[in-house]
Every structure is written in structure tokens, then in C-alpha cells.
Amino acid sequence: MVPAEGGPGDAAGDGGFLLLRPPESGSVRKGCDPFAQTQRSKLQHRRARINQQINKEMRMRAGAENLFKATSNHKVKETVALELSYVNSNLQLLKEELEELNSSVDVYQNDSSQEAVYSVTDESISVPMIPLGLKETKEMDLMTPLKDLICEHYGEDGISFEKEIKELMELRQAMRTPSRNEAGLELLMEYYNQLYFLDNRFFPPNKNLGVFFHWYDSLTGVPSHQRALAFEKGSVLFNIGALHTQIGARQDRTTLQGIDRAIDAFQKAAGAFNYLKENFSNAPSLDMSTASLNMLVRLMIAQVQECVFEKVTLTSAQNDFFTQLQIAQEAARVEEVYSLVHQTMTQAHVKDYVPFSWATMVHVKSEHFKALSHYYAAVALCDCPSVSVADLPEHEKAFIQFHITVPEGPSLRLVLQDQEERRKLGKAHLKKAIMRHEEAMRIHSLCKILRKMDILQEVLSFAHKRSLSKYSEIDHEEDFFETGDAPDIHPKTNQRPEIKSPNFSQVKVTDIFHRLGPLSVFSVKNKWCPARRVHLARGENGFGLTLRGDSPVLIAGVIPGGCASEAGLKEGDYIVSVNSEDCKWSKHAEVVQLLKSIGEEGVDIGVVTLQSSDGQNVADRRSVAMSSGGALLKNNKENSRKSLMNSKSASTLLAWSKKSKRSKSSTYSLPFTTVGDESMY
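We now turn to the structure provided with this report. (Residues numbered from 1 in each chain as written. Predicted model: local features only at pLDDT ≥ 70, side-chain atom pairs only at ≥ 80, totals over all residues. Heavy atoms only, no water.)

1. Focus on the packing of helix α10 (residues 321–345) against helix α12 (residues 392–400)
Thought 1: Interaxial distance between α10 and α12 falls to 11 Å at its minimum, and their mutual angle equals 10°. On the basis of the axis angle, α10 is roughly parallel to α12. Taking contact as the criterion, the partners of F321, F322 and L325 in α10 are, on α12, E394, H395, A398 and F399.
Thought 2: In terms of residue class, the contact of α10 with α12 is built from 5 nonpolar, 1 polar and 1 charged. (Axes fitted to C-alpha atoms, helices over the stretch in contact; angles between N-to-C directions. Helix = DSSP H or I, 4+ residues; strand = E, 2+ residues; numbered from the N terminus. Parallel < 35°, antiparallel > 145°, perpendicular 65-115°, else oblique. Contact = heavy atoms within 4.5 Å. Nonpolar A, V, L, I, M, F, W, Y, C, P; charged D, E, K, R; others polar.)

2. Considerations on the environment of P204
Thought 1: Here P204 shows up in the loop between α6 (182–202) and β2 (213–216).
Thought 2: Here P204 falls in the buried class, since its relative accessible area comes to 13%. (Buried < 20%, exposed > 50% of the residue type's maximum accessible area, 1.4 Å probe, protein only.)

3. A closer look at the nonpolar core
Thought 1: Residues F202, F238, F273, M345 and F513 are the most contacted members of the largest nonpolar core, which totals 129 residues.
Thought 2: Examining the composition of this core, we find that 15 residues originate from one element, helix α11 (residues 356–382), more than from any other.
Thought 3: Setting aside chain neighbours within four positions, we find M345 in contact with M295, L299, V350, K351, V354, W358, A359 and V362.
Thought 4: Within the second largest apolar cluster, 20 residues are counted, among which are V534, F543, A564 and V592. (Core = buried A, V, L, I, M, F, W, Y, C linked by side-chain atoms within 4.5 Å.)

4. A short note on the sheet that holds strand β3 (residues 223–226)
Sheet strands pair by backbone hydrogen bonding; their relative direction is either parallel or antiparallel.
Thought 1: With antiparallel pairing, 3 strands are arranged side by side in an open sheet as β1-β2-β3. The open sheet has two free edges, formed respectively by β1 (136–137) and β3, since each of these has just one partner strand.
Thought 2: With 2 bridges joining them, β1 and β2 adopt antiparallel strand pairing. Counterpart to T137 in the pairing with β2 is W215.
Thought 3: Packed onto the sheet, helix α7 (residues 229–249) meets β2 and β3 and runs at close to 35° relative to β2. (Pairing = 2+ DSSP bridges.)

5. A closer look at the pattern of salt bridges
Thought 1: Scanning the model with the defined rule gives 23 salt bridges in all.
Thought 2: One salt bridge connects E367 with R436, and the closest N-O pair in it is separated by 2.6 Å. In this pair, E367 sits in helix α11 while R436 sits in helix α14 (residues 419–445), placing the two residues 69 residues apart along the sequence.
Thought 3: E367 gets classed as buried once you look at its relative accessible area, which sits at 11%.
Thought 4: Across the pair D488 and K432 runs a salt bridge whose closest N-O atoms are separated by 3.1 Å. Here D488, found in the loop between α16 (454–474) and β4 (527–528), pairs with K432, found in helix α14; they are 56 residues apart in sequence, far enough to count as distant.
Thought 5: Several salt bridges converge on common partners, so that one network encompasses K370, K432, D485 and D488. (Salt bridge = Lys/Arg side-chain N within 4 Å of Asp/Glu carboxyl O.)

6. Quick look at the pairing of strand β6 (residues 545–548)
Thought 1: The pairing of β6 with strand β7 (residues 553–558) spans 4 bridges and is classified as antiparallel. Looking at β7, one finds that L547 is bridged to I555.
Thought 2: Taking the residues between adjacent antiparallel strands as the criterion, β6 and β7 are bridged by 4 residues, where G549 takes a positive phi near 80°.

7. Points about the pairing of β2
Thought 1: Burial of the side chains of β2 extends over both faces: F213 and W215 are buried on one face and H214 and Y216 on the other.
Thought 2: Inspection of the sheet shows β2 paired to β3 by 4 bridges, in the antiparallel sense. Note on β3: the bridge partner recorded for W215 is S224.
Thought 3: Turn length for the β2-β3 hairpin, with the two strands adjacent in sequence and antiparallel, is 6 residues, and the turn residue G221 shows positive phi of about 80°.

Here it is as C-alpha cells:
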């Protein structure tokens, strides 16, 4: 692929990523935001340009490596080796630049949180979340391959389906730039659901359609391409999860409504990545590998747990002993899940492509929330009123389960009753909180990208100063005892995160290629003979055939010697037209009505016959099976019963027999007889 000369701001060419030209229809599809000049879209433009450059450098490297292997000339090898060193150096710089863009998490945060100024009395601390950038893809021209397949496989005029193909291409183009809201999610879901129909219509299991799906890794920018439609589906599903992360990150988490929306968004993101991990395998790109998806699921769960902590702090009453213990345990739970995420990110097969700033931020958050757990433990011990004798058993029970190990010193009952002992243990917790705060700030200072995030630095600084202030408040000059080491807090949460799998049914779509017919018959996996037109004239006993089912109506039985048999109709044929009127989607009663309304001149019926895997007509195979079962019956009445026995259930046959006994005249002389879901004419 040769990258487009212009950047992503130009009209998308062969290597373009973003549609910035007006649609031909003059309107933009709902949920698509190609013209948005927000900070997020500018970031996406820069990502697209870097992806193009990475693609170009990788092509140059592949060519140089092939030349190096093929040549035996020493001077040529030296020249190629030098060129390879330049290319690898450029690739490293580009990947570092892309990593910096992937780490620009602040542009996805809520605007008000970026402008927040924290003070010592401010309790609304919103730490930035980690969103994902969307995978990017090339523009595709599906017109020629789909028209050719429609003509070759379905026997239809491909030109007559240009409108449908264009609609599909416009939908794909629109989903490349979804808006960061529910409408954008619905747009991605709409395209994902359309891919189900596209797969059944145009992608045979043993034949190549001749199109490649190009997508760029969200984390590394490395291009990947496959012919399999599953790669397209997986990439769209990844973007659904990524868009959920961006929506969750932009919520105002200083309000209960904003926190609930953020929790819902991150849970749905975890569900999308988990669904992708369980249903798609052999991903060609690193961001969709099992290890990467495991990491992303755990990251989303950790961010949900962080939101739960913020919700508890926002709704809890101040100076309540049980509430402060609960907040401390919620913070310990957040620290626990972020520690697990950090372990996952630093594994050998993951750390090479996960942005360093992500791993650093997760590590910072782990230390930060560990510090907060000790801070709130100190608040519970030092700021809450002494426990009365009546409430002592309940407080003691809660405090026993609070620490992972029992604190050194006097008994827990004495600690709860004695204010001085509570102050000592609280001071130990504050000492540990300050140490953890300082460790978080040290780790934060090691990453130049995080140092640029003012909001994160402000949060860490505020939390550290608050702990120092509390420590100064409870520290007495006459304290001669050595502050002990406080045990860690037992992690606990009252709201466990839920992994919400995608609900694809919430976005209803209509098959764009509906005109081709029902998928049960007219799919790329089925084969049939070319449609043939049969002229039928009504005989004394009608047409001599039995119909069954809907969309399309099936010829369930043909009377030997009747008009239908002589015209060449067979059991198993599907009626696709009556007098040139398309009947692929017609109901049983509608086809019956068309046949009943014809005159003496007869009717032209269009039929198709399915073929089995060995190429034999299904109708022919049924006829052979019927004839091999015994000798043909001699008269039409017995023959008709034989046909019905092969196509009806026992209850249907019983109804037919009772009707025959009531009238000695032949069933086929009746204008129309309906039994169950079958009709005989």
C-alpha cells in the first residue's frame, strides 16, 4: 500500500483514514462526526498520519531485508545494512511518537475536570482514566467484487444492485469516524450487524472474494490485513469497546449521574473486549491478541472499581466510623485490582507494546489508592467519636475484619475504647499513607508523558498534602513512642464490577441486500441451478402440485402425470416469481392467491432448484429416493396419497384422509384445498 500524499486532513485516498469531504447525498449519517475539529479528532488525525508513515517504513524495511538476504555482494550488503539502521531508527521514533499520542489520555477526560483546582478542603478528587484510541482503517471499494458475485452466484444483474452496494460503502465510511456518544456506538453496532448479512451473502467458506480488510493496530500503529470478514468484525467490535472507554473517560465524575454513566461505559467496554477474546481467535494484530484483551478487560474492571470508590466517597456521611472503614476498604480494593493490571502490563509478551505511560499510570494509581486506604483508616480512628459501651460489639466485629493482620499492641477492644490508642494506630496508618503518596509521586516523575498531565500531578499533590496536614494535626510534641507499622487494609467492595457483553439486538437493522431473497435459501453457502421459467395451464384436476412454507414458497409435492410434472416442476423447487412478479419474500397465502387469480391462458412460474454438495439437484435426489421405495401406484388418487405421505406429518395426512372420505370426487378437482401449512392445487 502506498500512503496518500496528503495527510488525514485531506480527502481520503488509497492510504487515507478519515472522511473529511462532504457526502454526495449532502447529509451526514447520524452518529458520524467527520468534520469535528475537537482536540480528540486532531489527535486522531495525527495518529492516522503516523500510521501511514509507519506503514511506509515497514514496507521499506521488508524490501531492504529481502535485498540483504538475496545479494552476495559485500558492498551492497553494507549499503543495505546502513539503510536498515536508518529505517529501524525512524520506526522507533514513530512508535515513540504514537505511544505519546496513545498516552494523551487527558484529551478524552471531562472538560470540567481538566480545569479543576484542588484545595485542602476539596474532597472531589477525580483521577484521569485511561481511554483507548480507535483502530483506523483504509477506505474500500466493494463495488466491482460484489457486482461480480451477484451476477455469478445469484444470477442477478449486478448493476441493478449498485444502490445497495453504495449504501454499504457509505455505512462503512461513516463508521470510521463515529461521534463520541451513544449515536456513534449505534453506528458501529449497525455496521457490525450488517456484517452478519454480508458474511452470509458474499463470503463463501471455500472461495476468496478478492478483497482485503486493512486495519491499523490501536497501540502500535502496525498495519494488518486479511481477506477474512472475521478480521473486519473483530476490528469493529474492538472499536465499540474503545469508544465505550472514551465515553466513560469524558463523564463528569463529580456527580452521581456522571459516575453511574462512567461505570456503565467501562463495564460495557470490558464486555466488548471479553466477547472479542472469547469469540475471535488468531488475531493478526497485537491489540486483539488474547494477552492484550485480557489486559484491557482487567484495566476496564479496575476503572469501574475506581468509579465505585468515588461513588462511595460522594454519598457517604462524614465522621461516621463505619463509613470511613468502608471507604478505606474500597480504596484497598481499587489498589488490589490496579496491582493486578500492572502485573499483566509488565509481562514479557505484553510490555513491549503497551504504552509505558499506561503501565506507569496504573502503577501510580496502585500506590495512590493504597495511600488513600491508610488515610481513611486514620480518619476513622482519629476523627470519629469514641465508641459507647452499647455499640462496642458491633464496632469490634467490623474492626476485626478490617485489617489483613491484627495490629500490634493492645487488643482491638481497648483500641476502640481508648482515644489515645486510636490516635497511635491512626498515626501509624498516616505514616504509611505518606510513604505511599511519596512513592506514587516518585513513579509519576519517571514518565515524561505523565509529568505533562497537570490534573494527575494536582491530584497526587493534594492527597499528599492532605495526609501531611492530618499527620501534623495528630502529632504531639510529647510523643516519645516509636510509630509502629500499620497493617494493610483488607480489600472489600459493596459493588462488584459486571462485565456487560454487547447487546447487538438493541440496534435493529434491515439487510441492505434484502432484494436478493431470504437468507435461508439465497446465501453464498447454497448452490442452485439457474432460475427457469415454467408455463402452467390449468388442467381438469388443477395444476397437480402441493405448496408449503413461506418466503420462498416450496413445491412440496408433484402429482405424476399432472400439469406440473409435465412442465418439469419437481418436488423441492422454490417459487421465485409468478407472472414476472417477484415472490422470494411472499407468504404462502399470497402465492396461493396469485395462482387462484389466473385465467385459462395459464401462468408463468419462475423456480430455482437447490443443489447438494456433490452438484446433484436436491429435487432429483428426492425423486430417486421416492421411486426406489417401491413400484409406482397405478391411479392418480393413490399416487397423490403417496406424494402426501412423503411431505406431511401423520396428523396432516389424517386430516386429508377424513376429507377424502366425505367426498367421493377427486381432491384435485377442487379449486383449492389447504391442509395445515400445505396447499394442493
